[in-house]
Amino acid sequence: MYKNILIAADGSDHSIRTAEQAAELARLQENAQITVIYVVDGDTSKHDVLAEGNQATIDRKRLERLKPIEERLDKAGVGYKVVLKRGEPGPTIVNYANEEDIDIVIIGSRGLNTLQEMVLGSVSHKVAKRAQCPVMIVK
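What you see is a predicted model, and the numbers here were worked out from it, not measured in a lab.

A. Region of the structure containing the overall build of the protein. What the protein contains, in helices and strands, is 7 helices and 5 strands. Each of the 139 residues in the protein was classed as buried or not, and the buried ones make up 42%. At a minimum sequence separation of 6, the contacts of the protein that also span at least 24 residues come to 75%. For the protein, the accessible area works out to roughly 7800 Å², and carbon and sulfur atoms hold 49% of it.

So, in C-alpha cells, the structure goes:
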C-alpha cells in the first residue's frame, strides 16, 4: 500500500519519532523505500554560514543532525535514502512529495524552529493541506 514513504526530518525529537513510525509502516510492505528529506531554509543557511564558514563543515553538520534517524532506520532494517533540499520547508516538501510519486508523507507535529511556526503556521499543517497523498502527523 505505501511503498514510497517520505519523512520530513530536521533532527528534532519529533522527526526521530517520525522515523520510527515510518520504519514500522515500511516493514509491513515488501520493498518499501523511505526517503528522508531535510530542507534547509534561508535563515538556517545564513546561520550555518556565519557559525561555520566552511561549506564542507556545514554539510557534515547537517548530515549529523540526521544520524539518529538513520540509526533507527538501519536498526529496523528498512531501505532509505537521504535528500537535502534548499527552500521554504512546507512548499519544498509538498513539491517533492507531489513530483516523486510519494505514497505517504510522515511529518512531525513540531520541528526545531518554534518561533517561525508560531508566526507563519506549522510546516506539518502546510504539508497536510497541499500534498496530493495521505499525510501522517506524528506527535
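B. Representation of the environment of K126 in the model. Considering the arrangement of structural elements, one finds K126 in helix α7 (residues 123-130). Placed 32 residues apart in sequence, K126 and V94 show a C-alpha to C-alpha distance of 8.3 Å.

C. View of the nonpolar core. Counting 23 residues, the largest nonpolar core has I5, I7, I34, I69, L73 and I106 as the members making the most contacts within it. At the level of secondary structure, the elements contributing two or more residues to this core comprise β1 (4-8), α1 (13-27), β2 (33-40), α4 (67-76) and β4 (104-108). When residues of this core are assigned to their parent elements, the largest contribution, 6 residues, is made by α1. Core analysis: the second largest hydrophobic core is formed by 15 residues, V83, Y96, A97 and V105 among them.

D. Broad picture of the packing of helix α5 (residues 89-99) against α7. Remark: α5 packs on α7, axes separated minimally by 8 Å, with the N-to-C direction vectors making an angle of 35°. Note that α5 runs across α7; the crossing there is right-handed. Side by side, α5 and α7 meet where P89, G90, I93, V94 and N98 of the first sit next to V123, K126, V127 and R130 of the second. For the contact of α5 with α7, the residue count by class is 5 nonpolar, 2 polar and 2 charged.

Here is what the cut-offs are and how they apply
- Residues numbered from 1 in each chain as written.
- Predicted model: local features only at pLDDT ≥ 70, side-chain atom pairs only at ≥ 80, totals over all residues.
- Heavy atoms only, no water.
- Helix = DSSP H or I, 4+ residues; strand = E, 2+ residues; numbered from the N terminus.
- Buried < 20%, exposed > 50% of the residue type's maximum accessible area, 1.4 Å probe, protein only.
- Contact = heavy atoms within 4.5 Å.
- Areas by Shrake-Rupley, 256 points an atom, 1.4 Å probe, with all protein chains shown as cover.
- Core = buried A, V, L, I, M, F, W, Y, C linked by side-chain atoms within 4.5 Å.
- Axes fitted to C-alpha atoms, helices over the stretch in contact; angles between N-to-C directions.
- Left-handed = near helix turned anticlockwise from the far one by under 90°.
- Nonpolar A, V, L, I, M, F, W, Y, C, P; charged D, E, K, R; others polar.

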